[in-house]
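Working through the structure, step by step
One letter stands for each residue in the lines below.
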Amino acid sequence: VPDSADAVLDGLDPEQREVATALRGPVCVLAGAGTGKTRAITHRIAYGVRAGILQPTTVLAVTFTNRAAGEMRGRLRQLGAVGVQARTFHSAALRQLQYFWPKAIGGAMPRLVDRKIQLVADAAAACRVRLDRGELRDVTAEIEWSKVTQTVPADYALAAAKAGRETPRDPAEIAQLYSAYEELKRGRGVIDFEDVLLLTVAVLQDRPDVAQQVRAQYQHFVVDEYQDVSPLQQRLLDLWLGDRDDLCVVGDASQTIYSFTGATPDHLLDFRLRHPGATVVKLVRDYRSTPQVVHLANGLLAQARGRAADHRLELVSQRPAGPEPVYTEYTDEPAEAEGAARRIRELVDSGVPPAEIAVLFRTNSQSEIYEQALADAGVPYQLRGAERFFDRPEVRKAGTALRAAARFGGNDALLDDTVDLPSQVRAVLSGEGWTTEPPAGSGAVRERWESLAALVHLAQDFAAAKPDATLGDLVAELDERAGAQHAPTVQGVTLASLHSAKGLEWDVVFLVGLAEGMMPITYAKTDEQIEEERRLLYVGVTRARERLHLSWALARSPGGRAGRRPSRFLDGLRPGSAGAAGGRLAAGGAGGVERGSSGRSALAPAPRRTQRAPARCRVCGRSLTDAGEMKLMRCEGCPSDMDEGVYERLLAWRAV
Ligand code: ATP
Ligand code: MG
């Protein structure tokens, strides 16, 4: 913990300091990836609190995902600022709504609907409209989009046409279903995920007394990833502020990747128009990535077009030189996955911690093949999006066992309080069938093991930070994290979609599936959609600190037609394409093409693939068995109580 407010400013560059010390009035930070935007706002809050200028409980920091919120809370604690609220828009709204519901609306807050698709199906039945499963899903997505963009049923047709949405049914019919869905929901006394924001907005609008109370509580607002704010979130922010302007936003228009859900960088780019007196700071020094990675990121942006691109800032790396990005072309997708898994295995064997490696892909349907390849190579991995860690049955069970042990002492090892905390936790979990070494194979067994391993790691980190902590303290920490749905970081390789990798960073990043059709994705057709795909790749590239591996496959399956070509976004950048400089085409077959099964290395013992990796819910990561859910790749109950980021990712997935 820094010993003074001024010490909080150490480790910031002059522009970041300007952000951190501009504690009054509107502040807007426009800057590229890795320039320390998140760091600057975190230090700004800590500096304000430590200097006694900001009252911690009056600060509300809004981030994009629960994970980002959890990380910010952790950083703030390390900087000696406690009591600051760091939340997603959704969780902040949910909390306020719960609190004000009895007073503003009366009674207790209704339950969140847990089978939304079923509700839409019921609405369709009431309207005598027959929808197949795919249509049902698409209609649900249209209803969600309408709500996020504050479009009422009567305006749907016009708004959808204006936004260029491909409507799954006749717009008038969708409007009718939307309306019936709302009615049914009201009739059953439940609310949905979008209602949480809509109702909070409505309460703040209609009840000046409530608005006044909220405004008295929160006086300083900080918003990260502001380029992806939706109109509904902006409305909420405006209501929180009232006529005040103590607001600090940071964003990068070049990282706008959620426009298809209604988000727009216009709020960021027009900030100065709305707040004429705003302090505007630009950051260009990139602290995250090597010059080689930054060079590629700048190269990608140089080809970008559109409003976001007009505001791009060339990044300047502050880090020492590192390896050139490695580009690899594979004959087919399984060979690509095995090739990546083999390289990862080599990295891990050479001492790179798995937690410092990520594999990022365009759509979550690509994850399965990488899960399998990593499991075959004996590398631990974790899927991003598995936010609901504490709801997993094995974690709940372990929590019960730990709680009992903390209260009554469990076995001999525990009665001895000379045994360190992680060993105590291991002892309790062993009683639950946990083993120190991972079980063979992948699938549900492995998944359960990883969850419990994450608890052991959490105990280790906790004990390292607080050497005197008891099992009881650990249980209290777990309860707190469970309440905030703040899952511990699993120490495996991260598998994540590009959408969910936003704001995060790893030493080594594998960007896979960079073939035309995947990147850009086939359904991206308009110029704007293509530009959004390019930005998505930019987000991916800028996640890497040190090493970047880019790969694509010419065919989908072994022996399949090799009709694919590398992503157009890499033209002029990858070696071998006209005008390219830098980068390295990996060895591995003629012309850099790794050949089918020869891609398997001796390092990865090759068990015959007898069973497919289990289908998983893309939101909570649980294995799925229900055929309908497998088609959706999601538990039907999932969207109702997710954070904003997860919800928007869900839409991204569903669009695929
Ligand atoms: P993104 O656009 O991807 O969200 P960002 O602009 O929010 O990126 P940060 O995540 O805040 O960037 O910072 C990127 C990395 O650079 C982090 O590891 C951070 O600790 C480091 N960093 C930022 N500023 C500095 C600095 N002044 N000195 C040293 N390291 C820094
Ligand atoms: Mg950031």
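Only a predicted model underlies this, so the values are computations on that prediction, with no experimental measurement involved.

The next point concerns the UniProt feature "binding site: ATP" (unreviewed entry) in the protein chain. In the numbering used here, UniProt assigns the feature "binding site: ATP" (unreviewed entry) to Ala31, Gly32, Ala33, Gly34, Thr35, Gly36, Lys37 and Thr38. Tracing the chain through its elements places glycine 32 in the loop between β1 (27–31) and α3 (37–50). Taking the C-beta count within 10 Å as the criterion, glycine 32 has 26 such neighbours and is therefore assigned buried. Setting aside residues no more than four positions away along its own chain, glycine 32 makes contact with Asp252, Ser254, Val284, Asp286, Leu313 and Leu315. Residue placement: alanine 33 occurs in the loop between β1 and α3. Once residues lying within four places of it in the same chain are set aside, the contact partners of alanine 33 are Asp252, Gln255, Ala297 and Thr542.

Now for the environment of glutamate 531. Along the chain, the position of glutamate 531 falls in helix α24 (residues 527–541). Each C-alpha atom of the pair glutamate 531 and phenylalanine 569 lies 9.9 Å from the other, and the pair is 38 residues apart in sequence.

What follows covers helix α15 (residues 291–302). Because each turn of an α-helix spans 3.6 residues, side chains separated by three or four positions end up pointing in the same direction. Taking 1.5 Å of rise per residue, the 12 residues of α15 would be expected to cover 16 Å, and the 16 Å separating its terminal C-alpha atoms lies within 8% of that figure. Among the 12 residues that make up α15, nine are buried, leaving the element largely enclosed by the rest of the structure. Looking at the packing, one finds that the buried side of α15 touches β9 (285–286), α16 (307–310), β10 (316–317), α24 and β16 (544–555).

An order of β3-β2-β6-β7-β1-β8 is seen for the six strands of this open sheet, with the pairing classed as parallel. A single partner strand is all that each edge strand has here, and the edge strands are β3 (85–88) and β8 (279–283). The average undirected angle you get between the axes of adjacent strands in this sheet is 15 degrees. Bridge count for strand β2 (residues 59–63) against β3 is four bridges, and the pairing is parallel. When the bridges of β3 are listed, alanine 61 appears paired with alanine 86.

Here the focus is unusual backbone geometry. Across the junction of methionine 519 and proline 520, the peptide omega takes the value -5 degrees, indicating a cis bond. Here proline 520 is to be found in the loop between β15 (506–511) and α24.

What follows deals with the site of ligand 1. Taken together, the neighbourhood of ligand 1 is formed by 19 residues, with Gly36, Lys37, Thr38, Arg39 and Tyr287 sitting nearest. The dominant element in the shell around ligand 1, judged by the number of residues it contributes, is α3, at three residues. Residue composition of the shell around ligand 1, grouped by class: four nonpolar, nine polar and six charged. Here the shell around ligand 1 gathers at least three residues from each of two domains, domain 1 (5–94 + 207–283) and domain 3 (322–386 + 491–596).

Conventions used here
- Residues numbered from 1 in each chain as written.
- Chains lettered and ligands numbered in written order.
- Predicted model: local features only at pLDDT ≥ 70, side-chain atom pairs only at ≥ 80, totals over all residues.
- UniProt positions renumbered as here; feature names shortened; annotations may be inferred.
- Helix = DSSP H or I, 4+ residues; strand = E, 2+ residues; numbered from the N terminus.
- Buried ≥ 20, exposed ≤ 12 C-beta atoms within 10 Å, placed from the backbone.
- Contact = placed C-beta atoms within 7 Å.
- Expected span 1.5 Å × (residues − 1).
- Pairing = 2+ DSSP bridges.
- Axes fitted to C-alpha atoms, helices over the stretch in contact; angles between N-to-C directions.
- Near = placed C-beta within 6 Å.
- Nonpolar A, V, L, I, M, F, W, Y, C, P; charged D, E, K, R; others polar.
- Domains from an automatic or database assignment.

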